[in-house]
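Structural characterization, general
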Amino acid sequence: MISLLASNPLLPSPFIGYKLSSGNFKRLSPNGVCFPPRNFKAKCTMDTSYGGGNVSKFPRSSVWDPYKRLGINTDASEEEVWSARNFLLDQYAGHERNVESIESAFEKILMTSFLKRKKTKINLKSRLKKKVEESPPWVKNLISFVELPPNVIIIRRLFLFAFMACWSVNSPAEGGPAFQVALSLMACMYFLYDKTKSLARASIIGLGSLVVGWICGSCLVPMIPSVLIQPTWTLELLTSLVAYVFLFAGCTFLK
């Protein structure tokens, strides 16, 4: 069989369609067998889209601007950025290069937004510090008595005085919530003594906060419309609620 094929290369076989002559392929049609045309080119599966034949290429993968690559404006919100990214990932899923291009633009936008917020925060602190330095001496002395404790301390003390306020509202007395106010004053003085290690300073600041709060409450409560006040709420009760606010501020933010 091998010798026969070698002696007669033009046997009518569907597997033999081209003959090599002078380095080029020539079309043969022995015995009426049809063969591909001269310009026929076999396509490899690699000619299709990467990752699948039905996935189109991302048209903006070569765009340098990450906002234009995602198809959004430079002033787009964070929700719009996420929505554009998720939409494009769903549309061009299955194409590794498309996904990498979309994710790269998304990460650049997030990093730019983070750096912008960080820079704005630093500038705000610098401006505030500059305004404090340029303020009058009495303002500087007043600010020197104020401090910002950790959030945990603020939340704990806020919860304590809020509990005192709720206790006073739910247990009204004819003479006002004197017991709750006394406990709040003692708690305020204790927190101040724990911070300043001075009983005299803690007593002065605690009593001063109570007096100032009571005076402010006496002035502000009559201005509240009677529609907003429950019939069982007395003037002493409402004044004590204002005093709780001043006691909380005095033991939390004053040095």
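Looking at an unreviewed UniProt entry, one finds the protein named Protein CHAPERONE-LIKE PROTEIN OF POR1, chloroplastic, with Heracleum sosnowskyi as its source organism.

1. Concerning the overall build of the protein
Counting its secondary structure elements, the protein contains nine helices and two strands. Helices (α) and strands (β) of the protein occur, in sequence order from the N terminus, as α-β-β-α-α-α-α-α-α-α-α. Expressed as a percentage of the 255 residues in the protein, the buried residues total 26%. When contacts within the protein are restricted to residue pairs at least 6 apart in sequence, those whose partners lie at least 24 apart make up 59%. Counting every atom, the protein has about 18600 Å² of accessible surface; 64% of that belongs to carbon and sulfur.

2. Some details on the packing of helix α8 (residues 199-220) against helix α9 (residues 235-253)
It is at 7 Å that the axes of α8 and α9 come closest, and there the two elements cross at 140°. Taken together, the axes of α8 and α9 lie oblique to each other. Where α8 crosses over α9, the handedness of that crossing is right-handed. Contacts between α8 and α9 involve I205, G206, S209, L210, V212, G213, W214, C216, G217 and S218 from the first element and E236, T239, S240, V242, A243, F246, L247 and G250 from the second.

3. Comments concerning a nonpolar patch on the surface
Among the surface-exposed residues, M111, F114 and L115 lie close enough to one another that they form a single nonpolar patch of about 310 Å² accessible area. Note that F114 resides in helix α4 (residues 96-134). The exposure class of F114 is partly exposed, given its relative accessible area of 43%.

4. Describing the UniProt feature "transmembrane region" (unreviewed entry) in the protein
Following the UniProt record, one finds the feature "transmembrane region" (unreviewed entry) at residues 176-193, 205-225 and 237-254. Counting secondary structure, residues 205-225 comes out at 76% helix and 0% strand; the distance between its end C-alpha atoms is 32 Å. Overall, residues 237-254 shows 94% helix and 0% strand. The separation of its end C-alpha atoms is 25 Å.

5. A closer look at a negative patch on the surface
Taken together, the side chains of D75, E78, E79 and E80 present a region of like negative charge at the surface. Here E80 falls in the partly exposed class, since its relative accessible area comes to 45%.

6. With respect to the nonpolar core
For soluble globular proteins, nonpolar side chains are generally found buried alongside one another. Formed by 18 residues in total, the largest nonpolar core has its most connected members in F161, C188, L192, L210, Y244, L247 and C251. Top contributing element to this core by residue count: helix α7 (residues 178-196), with six residues. Once residues lying within four places of it in the same chain are set aside, the contact partners of L247 are F161, S184, L185, C188, G206, S209 and L210. Core analysis: the next-biggest nonpolar cluster, separate from the first, contains 14 residues, I72, L89, Y92 and I109 among them.

7. Some words on the layout of surface pockets
Its boundaries defined by the atoms lining it, the largest pocket holds a volume of some 230 Å³. What lines the largest pocket is a set of 13 residues, among which Y67, A76, I109, S113 and R117 lie closest to the centre. Counting residues per element, the ones that place at least two in the lining of the largest pocket are α3 (78-91) and α4. Here the lining of the largest pocket gets six residues from one element, more than from any other, and that element is α4. Class assignment for the residues of the lining of the largest pocket results in five nonpolar, four polar and four charged.

8. Some words on the packing of aromatic side chains
In this description, an aromatic ring pair is defined by two values, namely the gap between the centres and the angle between the planes. Evaluation of the coordinates by the stated rule reveals six aromatic pairs. A centroid spacing of 4.7 Å and a plane angle of 75° characterise the contact between W82 and F106, whose relative ring orientation is edge-to-face. With W82 in helix α3 and F106 in helix α4, this residue pair connects regions lying 24 residues apart in the sequence. By relative accessible area, W82 is classed as partly exposed at 36%. Judged by its relative accessible area of 5%, F106 is buried.

9. Points about the pattern of salt bridges
The tally for this structure, following the rule as stated, stands at three salt bridges. Of the charged contacts in the structure, one is a salt bridge between R85 and E103, with a shortest N-O distance of 2.8 Å. Linking R85 in helix α3 with E103 in helix α4, this pair joins segments that are 18 residues apart in sequence. The pair R85 / E103 is uniform in exposure class, with both members buried.

Parameters and conventions
- The residue numbers shown here count from 1 along each chain, following its written sequence.
- Local features in this predicted model are restricted to residues of pLDDT 70 or higher, and side-chain atom pairs are both shown and tallied only at a pLDDT of 80 or more, whereas totals for entire chains, interfaces and linings draw on every residue.
- Just so you know, side-chain values use all the structure's heavy atoms and leave hydrogens and water out.
- Note on conventions: DSSP H or I runs of at least 4 residues are helices, E runs of at least 2 residues are strands, and numbering of each starts at the N terminus.
- In this scheme, a residue with accessible area under 20% of its type's maximum is buried, one over 50% is exposed, and one in between is partly exposed, where area comes from a 1.4 Å probe on protein chains only.
- The contact criterion used throughout is that any non-hydrogen atoms of two residues lie within 4.5 Å.
- Calculation of accessible area relied on Shrake-Rupley with a 1.4 Å probe; when residues are assessed, cover is drawn exclusively from the protein chains displayed.
- Geometry is summarised by axes, namely lines fitted to C-alpha atoms with helices restricted to the contacting stretch, and by angles between N-to-C directions that run from 0 to 180 degrees.
- When an angle is under 35 degrees it counts as roughly parallel; over 145 it counts as roughly antiparallel; between 65 and 115 it counts as roughly perpendicular; any other value is oblique.
- Left-handed describes a crossing whose near helix is turned anticlockwise from the far helix by less than a right angle; the clockwise case is right-handed.
- Surface patches are drawn from residues lacking salt bridges whose relative accessible area is over 30%; two like charges belong together within 9 Å, two nonpolar side chains (Val, Leu, Ile, Met, Phe, Trp, Tyr) within 5 Å.
- Any Lys or Arg side-chain nitrogen located within 4 Å of an Asp or Glu carboxyl oxygen qualifies as a salt bridge.
- UniProt positions are given in the numbering used here, feature names are shortened, and annotations may be inferred rather than shown by experiment.
- When charges are counted, neither His nor the chain ends are considered; positive counts come from Lys and Arg and negative counts from Asp and Glu.
- The atom standing in for a charge is NZ when the residue is Lys, CZ when it is Arg, CG when it is Asp and CD when it is Glu.
- What we call a nonpolar core is a set of buried Ala, Val, Leu, Ile, Met, Phe, Trp, Tyr and Cys residues that are connected through their side-chain atoms within 4.5 Å.
- Grid points spaced at 1 Å over the protein atoms alone were grouped into cavities, where a 1.4 Å probe fits but cannot get out, and pockets, open sets with protein on both sides within 12 Å along at least five of seven lines, with lining residues defined by an atom within 4 Å of a point.
- Grid points are joined across faces, edges and corners, and a volume is the space filled by probe spheres set on the points.
- For this scheme, ten residues count as nonpolar: Ala, Val, Leu, Ile, Met, Phe, Trp, Tyr, Cys and Pro. Four count as charged, namely Asp, Glu, Lys and Arg, and the remainder, Gly too, count as polar.
- For Phe, Tyr and Trp, rings pair up if their centres lie within 6.5 Å, where Trp contributes its six-membered ring, and each pair is then called stacked (planes under 30 degrees apart), edge-to-face (over 60) or tilted (otherwise).

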